[in-house]
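# Architecture at a glance
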Amino acid sequence: MKKQTLLAWGVAILCFVVLMIVTPAIHQSEAYHDFADQREFLGIPNTLNVVSNFLFLVIGLLGLILCFHRNYFWLRLQGEVWGWSIFFIGVAAVAIGSSYYHLKPNDARLVWDRLPMTIAFTSIMAIFIIERINEQKGTVSIILLLLAGVISILYWRFFDDLRPYALIQFVPCIAIPLMAILLPPMYTHSAYWLWAAGLYLPYLHLSLYAGFYLLAKVEEAADKPIYKWTHHIVSGHTLKHLCAAMVPVLLALMLAKRSNEAERQSLLETWKVSWTRFRGKDEVKVESYTCAYSDVPVEESP
C-alpha cells in the first residue's frame, strides 16, 4: 500500500511538472478588479459585493460550533473532526478576506480573498480521502494539501502565474464528483456532494442539474451582463457570493442528515440498481396491459 501511495504522489507530481512546462503562464489581469457593481451605500465602497459575504461568516461559525457541540454532526473519526473544522474555519475566513478585498480591489488584497478559499478547497479534498479511501492518509493529506494551497497563492503573488492556484481550485471540482460517484461512501446522503460541486444525475435520468458552485462560476464570468440584464439591481459577482455560500450550507445539511452507511455502495452502483428497477417497472407496466373483447356470435356458413 505504501508503494501505491508513493506511486500515486509520483504520478501527480510528474503530471504537474509536465503541465507547468507545456502550458504558458497565466497572469493576473488588472481588469479582474473592475467589477460591474461599484455602488456605495452607507459609506461602504462596493457595498453589495462586500455585504454579500455575510452568509459565509454565518454558516462558517455555525458549522464550526456544531463540529464540537455534542458532536451534532456525528463525526466518528479524528481526521474528520480536524478536516471539517478547518473547512468551516476557511468558510468563515472567506467572509473576512473577501470583504476586505472588495472594499478596495487590488492584487495585494486579493491574496486575502483567495487564501481562505484555498483552505476550504484543500480541506474538502482531504475529507474525501478520509471518508472514501483511508483515514490515516486523509488526515496526513490535510497538512500536505493546505501547504500546497498556500504555496500556490505565494507562487502567484511572487511570479504572477495563476496555474498552480487554478489547479488547486478546479481539481477538486473534478475529483470530488468522480470520487463521489465511483467510491463507496462511509455515510448516507452522498448525493449532496454532487449538488454542491455542480452535478447531479438522479436515477441516471438524462436531466442535468446545475450545482451551486458551477452556477457561481458562471455568474462570476457573467458579472457585467447580469448587472445589465437586471437593470443595475444586482451584479453577477454578488450573486456568485450568494450561490457559493450555498455550498457549505448544503454540506452542513448533509452532515446533519447523514448516518452510517450499512451497505457501502457507490453512487454509480446505486444508479445502476435504480435504473434496472426503473426499466423493470416499465416492462411490468407494458406486460400488465389487458384487452377486453366482447363476445361476437359466429354464424356458420350453410
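Rules and cut-offs
- Position numbers for residues start from 1 in each chain and track the written sequence from start to end.
- Thresholds applied to this predicted model are a pLDDT of at least 70 for local features of residues and 80 or more for the giving and counting of side-chain atom pairs; totals over whole chains, interfaces and linings are not thresholded and use all residues.
- To get the side-chain values, take all heavy atoms of the structure and skip hydrogens and water.
- Numbered from the N terminus, helices here are DSSP runs of H or I no shorter than four residues, and strands are runs of E no shorter than two.
- The buried label applies to any residue whose accessible area, calculated with a 1.4 Å probe on protein chains only, is under 20% of its type's maximum; exposed applies above 50%, and partly exposed to all values in between.
- Note on contacts: a residue pair qualifies if any of its non-hydrogen atoms lie within 4.5 Å across the two residues.
- Only the protein chains shown count as cover for residues, and all accessible areas are computed by the Shrake-Rupley method using a 1.4 Å probe.
- Given a helix with a known number of residues, its expected span is that number minus one, times 1.5 Å.
- UniProt positions are given in the numbering used here, feature names are shortened, and annotations may be inferred rather than shown by experiment.
- By construction, the arc corresponds to the directions joining the helix axis to the C-beta atoms.
- To obtain each axis, a line is fitted to C-alpha atoms, and for helices this fit is confined to the stretch in contact; angles are then taken between N-to-C directions over 0 to 180 degrees.
- Crossings are sorted by hand: turned counterclockwise from the far helix by less than a right angle, the near helix makes the crossing left-handed, and turned clockwise it makes it right-handed.
- Note on residue categories: nonpolar means Ala, Val, Leu, Ile, Met, Phe, Trp, Tyr, Cys or Pro, charged means Asp, Glu, Lys or Arg, and polar means any other residue, Gly included.
- Any Lys or Arg side-chain nitrogen found within 4 Å of a carboxyl oxygen on Asp or Glu counts as a salt bridge.
- What makes a nonpolar core is a set of buried Ala, Val, Leu, Ile, Met, Phe, Trp, Tyr and Cys residues whose side-chain atoms join them at distances within 4.5 Å.
- Pairing of N or O atoms within 3.5 Å defines a polar contact, subject to two protein rules: one partner must be a possible hydrogen donor and the other a possible acceptor, and residues neighboring in sequence count only if both atoms are side-chain atoms.
- Aromatic rings from Phe, Tyr and Trp, with only the six-membered ring used for Trp, were paired whenever their centres fell within 6.5 Å, and each pair was classed as stacked if the ring planes differed by under 30 degrees, edge-to-face if by over 60, and tilted otherwise.
- Throughout this description, the term charge over a ring refers to an Arg CZ or Lys NZ atom that lies within 6 Å of the ring centre and within 35 degrees of the ring normal.

## Description of the overall build of the protein
Helix and strand counts for the protein come out as 12 helices and 0 strands. Across the protein, helices and strands are ordered from the amino to the carboxyl terminus as α-α-α-α-α-α-α-α-α-α-α-α. Counting all 302 residues of the protein, 43% fall into the buried class. Put simply, of all contacts in the protein between residues at least 6 apart along the chain, 72% involve residues at least 24 apart. For the protein, the exposed area adds up to about 17,700 Å²; of that, 69% sits on carbon and sulfur atoms.

## Notes on helix H4 (residues 78–103)
Compared with an ideal rise of 1.5 Å per residue, which puts 26 residues at 38 Å, H4 spans 38 Å between its outermost C-alpha atoms and is within 8% of the ideal. Of all 26 residues making up H4, 19 are buried, and the element is well covered by its neighbours.

## What to know about the side chain of Glu80
Topologically, Glu80 is positioned in helix H4. A residue is classified by how much of its surface remains accessible, and Glu80, at 0% relative accessible area, is buried.

## Examining the UniProt feature "transmembrane region" (unreviewed entry) in the protein
What UniProt calls "transmembrane region" (unreviewed entry) maps, in this numbering, to residues 7–27, 47–69, 81–103, 115–133, 140–159, 165–183, 192–216 and 236–256. For residues 7–27, the end-to-end C-alpha separation is 32 Å, with 76% helix and 0% strand making up the annotated structure. As annotated, residues 47–69 has a helix share of 87% and a strand share of 0%, and its two end C-alpha atoms lie 34 Å apart.

## Observations regarding helix H3 (residues 54–68)
An ideal rise of 1.5 Å per residue puts 21 Å on 15 residues; H3 measures up with 22 Å between its terminal C-alpha atoms. Looking only at H3, the buried set comprises Phe56, Ile59, Gly60, Gly63, Leu66 and Cys67. Projection of H3 onto a plane perpendicular to its axis shows the buried side chains occupying an angular sector of 140°, all on one side. Away from its buried face by more than 90 degrees, H3 exposes Phe54, Ile65 and Phe68. At its buried positions, H3 is contacted by H4 and helix H11 (236–257). Residue Arg70 follows H3 closely and has a positive phi angle near 55°.

## Focus on the packing of helix H6 (residues 135–159) against helix H7 (residues 163–182)
The geometry of H6 relative to H7 is characterised by a closest axis approach of 7 Å and an angle of 145° between their N-to-C directions. Classified by chirality, the crossing of H7 by H6 is left-handed. Residues Ala148, Gly149, Ser152, Ile153 and Tyr155 of H6 touch H7, and the partners they reach there are Arg163, Pro164, Tyr165 and Ile168. A breakdown of the residues in the contact of H6 with H7 according to their chemical character gives 6 nonpolar, 2 polar and 1 charged.

## Structural notes on the pattern of salt bridges
All told, the structure shown has 7 salt bridges when counted by the stated rule. Its salt-bridge partner being Lys224, residue Asp34 comes within 3.0 Å of it at the nearest N-O pair. Of this pair, Asp34 sits in the loop between helix H1 (2–22) and helix H2 (47–51) while Lys224 sits in helix H10 (residues 223–229), and the two are 190 residues apart along the sequence. When its relative accessible area of 43% is taken as the criterion, Lys224 is described as partly exposed.

## Some words on the nonpolar core
Phe73, Trp84, Phe87 and Phe88 are the most contacted members of the largest nonpolar core, which totals 53 residues. Where this core is concerned, the elements lending two or more residues are H3, H4, helix H5 (107–132), H6, H7, helix H9 (212–221) and H11. It is H5 that contributes the most residues to this core, 11 residues altogether.

## Quick word on the side chain of His102
Positionally, His102 belongs in helix H4. Judged by relative accessible area, which is 1%, His102 ranks as buried. At a separation of 3.2 Å, a polar atom in the side chain of His102 contacts the side chain of His237. Every residue in contact with His102, bar those within four places of it in the chain, is listed here: Phe35, Pro45, Asn46, Asn49, Val50, Asn53, His237 and His241.

## Thoughts on the packing of aromatic side chains
To describe a pair of aromatic rings, one takes the distance between the centres and the angle between the planes. Using the criterion set out here, one finds 8 aromatic pairs in the structure. Taking 6.1 Å as the distance between ring centres and 25° as the angle between the ring planes, the aromatic pair formed by Phe73 and Phe88 counts as stacked. Pair noted here: Phe73 is in the loop between H3 and H4 and Phe88 is in helix H4, with a separation of 15 residues, a long-range link. Of the two residues, Phe73 and Phe88, neither departs from the other in class, the shared state being buried. Every member of this aromatic cluster is reached through a ring pair, and the members are Tyr72, Phe73, Trp84, Phe87 and Phe88. Cation over ring: Arg109 sits above Tyr100, and NZ or CZ is 4.0 Å from the ring centre. Positioned over the ring face of Trp156 is Arg114, at 4.8 Å from the centre of the ring.

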